[in-house]
Structures are given as C-alpha cells and as structure tokens.
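Observations on the three-dimensional arrangement
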Amino acid sequence: MNEYKPLIIEDDIYTASSHDELTHWHNCFEIIEVLDGSFQCHVDGDSFVVKKGNLCIINRGHMHRILNEKDPQQCRKKALIFNPDFFIKDKDIYTRYIRPLLQDRAFSHIQFAMNSGIGLDLFSFIKQLEVLYKERPVGFEMESYGLIYMIIRRLYLAYAMHQDHFQSSFDENIQIQRKMTTYIYKQYANKIALDDIADAGQISRSTCIRLFKKYTGKSPVDFLNSYRLERSIELLLTTNQQVTEISYACGFNQPSYFNRLFLKEYQMTPNQYRKENKH
C-alpha cells in the first residue's frame, strides 16, 4: 500500500512471455486503464477484452485475473487500487451509496470508453490523483479525498444505470469457487488432494475441476502448484532459507519436483531466480 494511505497506482508492462496472473481478489476497487495493446480480463468467470482507450472497474471481493492477449506487441496498463472504507467515513453516505455497490454480489465489473461520459470523468479524476501523489503539494491529502469521492459517485451512477443487467448475469457458483480457492490459500503448506479441494466446496471432483477451469483457467492441482510457487518466490526474496527448506514450507514433498515445476513456470531455477531478483 501507499506510504500515506491504502491507495496504489501501478504501471505494468506485459509481453507475450509475461507470467500469467493467478486468480485472486482483494478488499479494494481496482480501476484499470489500458495504455497500449489489449488484455484479456477474467472476472468471476466472465471473460472479455479490454482495449486501449478503455477503463475497466473491478469491484471489491470479486475473483479476477488479467492476461496479455499474447499479441506480439507490448501491452501496458495502469491501475488505481483503493479501499473505499479508508476514505468514506460518513456513515450515511456509506450506507446509502457505498454499501449497495459492495454488497451486490452481481456487480463484479463494468467497462467504459475514456473519451466520453462517466469514462471521461473517471479518466480525468485518475490523472489528477496521479499528479497529486507524484508531486505531493501542500494539502494534497484533502484534494485526493475529494477526487476519490467523485470517482465513487461515478461508480454508483454506473451501478444504478446497469443494476438490472448485473442481477440477470450473477452466477451462484462463484461462492463455491471462492471457498475452494480460500481453502488452498490457507492450506497450501500442507498435503492437499483433489478430494480435499472438492470437499471445501462440498461438490464432486468433476464439478470441482470444471469450476476451477472456468474461474481460474487451471485445474485445481495446477492452481495449487502455481500458488505454492508464488509463495516460494516470496521466501526466496525475503529470507535466507535453503531451497530445500522453501520447497517443504510451500507444500512440496520432493525438492526435485519443486525445482522442475519452478523451472517450467519461470524458465530458471529457484537459485537463479533468487540471484537475479534479490536485492
């Protein structure tokens, strides 16, 4: 998070060889601006393309991942990520306008063109926030609060205009997938079988496999291994533990298997990754 408040402005570049993002969710709104190229965006099982000149808003708590379309050209996006709970302290405003956005499970995402209407307003507010956080003039905190309020107001207006559409497209299986994914997040360091993951969602093995493919693009076991690899990177870069210790800590029973998966995923060994990225 930003050193001053829970607001992040990220600038990411993707190429055809970029590592695919794992399905995840967080306690924030995420507004994505596509600067160059286009991206595949997956939100709660809905797959769509976000192109240059568009903004995509992902609501808090919804499963999502963003992938390069594998076009030869370089793709670039910028994201504004913020927690509304930090900024909106007025209880009446929160109850009337913020809570409906957050509690409507059907309101997962929405997309705008940046050249008119709400999209243009959002684009303008985000640019002003970027300048404020870069230059940090006296009193910039107060102005940033005002801009966040205006951003959320536009999100509420968009939600109100499209509420019927959101309700008609909601998928009840989303909550089952969240339970199974959360189980992996909590238990990844332990021995986990496909039956364990399916039991977490109280569904059959075949349904478990189908839902993981729909919502994450991976099988349950592949998702588990990818998450374990992500956790191993954190340990490689923040600790001095041996690679063998890290493999066991992340749930891999055999260090050789860990090394093989790591090499396949990142095109280098764990030791090479640590040497090139640890500062």
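1. Quick notes on the sheet that holds strand β1 (residues 7-14)
If you trace the five strands from one edge of the open sheet to the other, you get β1-β7-β2-β5-β8, paired in antiparallel fashion. In the strand order of this sheet, the two ends are held by β1 and β8 (109-113), each with one partner. For this sheet, the mean inter-axis angle between neighbouring strands, taken without regard to orientation, is 20°. Both strand β5 (residues 54-58) and β8 contribute to a ladder of five bridges, which runs antiparallel. Within the sheet, the bridge partner assigned to Leu55 lies in β8 and is Phe112.

2. Comments concerning the pairing of strand β3 (residues 38-43)
For a regular strand, the rule is simple: side chains alternate between the two faces of the sheet. Of all the six residues making up β3, five are buried; the element is thus mostly covered by neighbouring parts of the structure. Across six bridges, β3 lies against strand β4 (residues 46-51) in antiparallel orientation. Within the sheet, the bridge partner assigned to His42 lies in β4 and is Ser47. Taken together, β3 and the strand that follows it, β4, pair antiparallel across an intervening segment of two residues, in which Asp44 is found at a positive phi of about 50°. Pairing analysis gives five bridges linking β3 to strand β6 (residues 64-68), with the strands arranged antiparallel. Counted as the bridge partner of Gln40 is Leu67 from β6.

3. Side note on the pattern of salt bridges
For the structure on display, the rule yields eleven salt bridges. Its salt-bridge partner being Glu33, residue Lys127 comes within 3.0 Å of it at the nearest N-O pair. Highlighted residues: Lys127 in helix α3 (residues 117-135) and Glu33 in strand β2 (residues 29-36), separated in sequence by 94 residues. By relative accessible area, Lys127 is classed as partly exposed at 23%. Look at Glu33 and you get buried, because its relative accessible area is 6%. In this structure, Asp195 and Arg205 form a salt bridge, with 3.0 Å as the shortest nitrogen-oxygen distance.

Reading guide: rules and limits
- Residues numbered from 1 in each chain as written.
- Predicted model: local features only at pLDDT ≥ 70, side-chain atom pairs only at ≥ 80, totals over all residues.
- Heavy atoms only, no water.
- Pairing = 2+ DSSP bridges.
- Helix = DSSP H or I, 4+ residues; strand = E, 2+ residues; numbered from the N terminus.
- Axes fitted to C-alpha atoms, helices over the stretch in contact; angles between N-to-C directions.
- Buried < 20%, exposed > 50% of the residue type's maximum accessible area, 1.4 Å probe, protein only.
- Salt bridge = Lys/Arg side-chain N within 4 Å of Asp/Glu carboxyl O.

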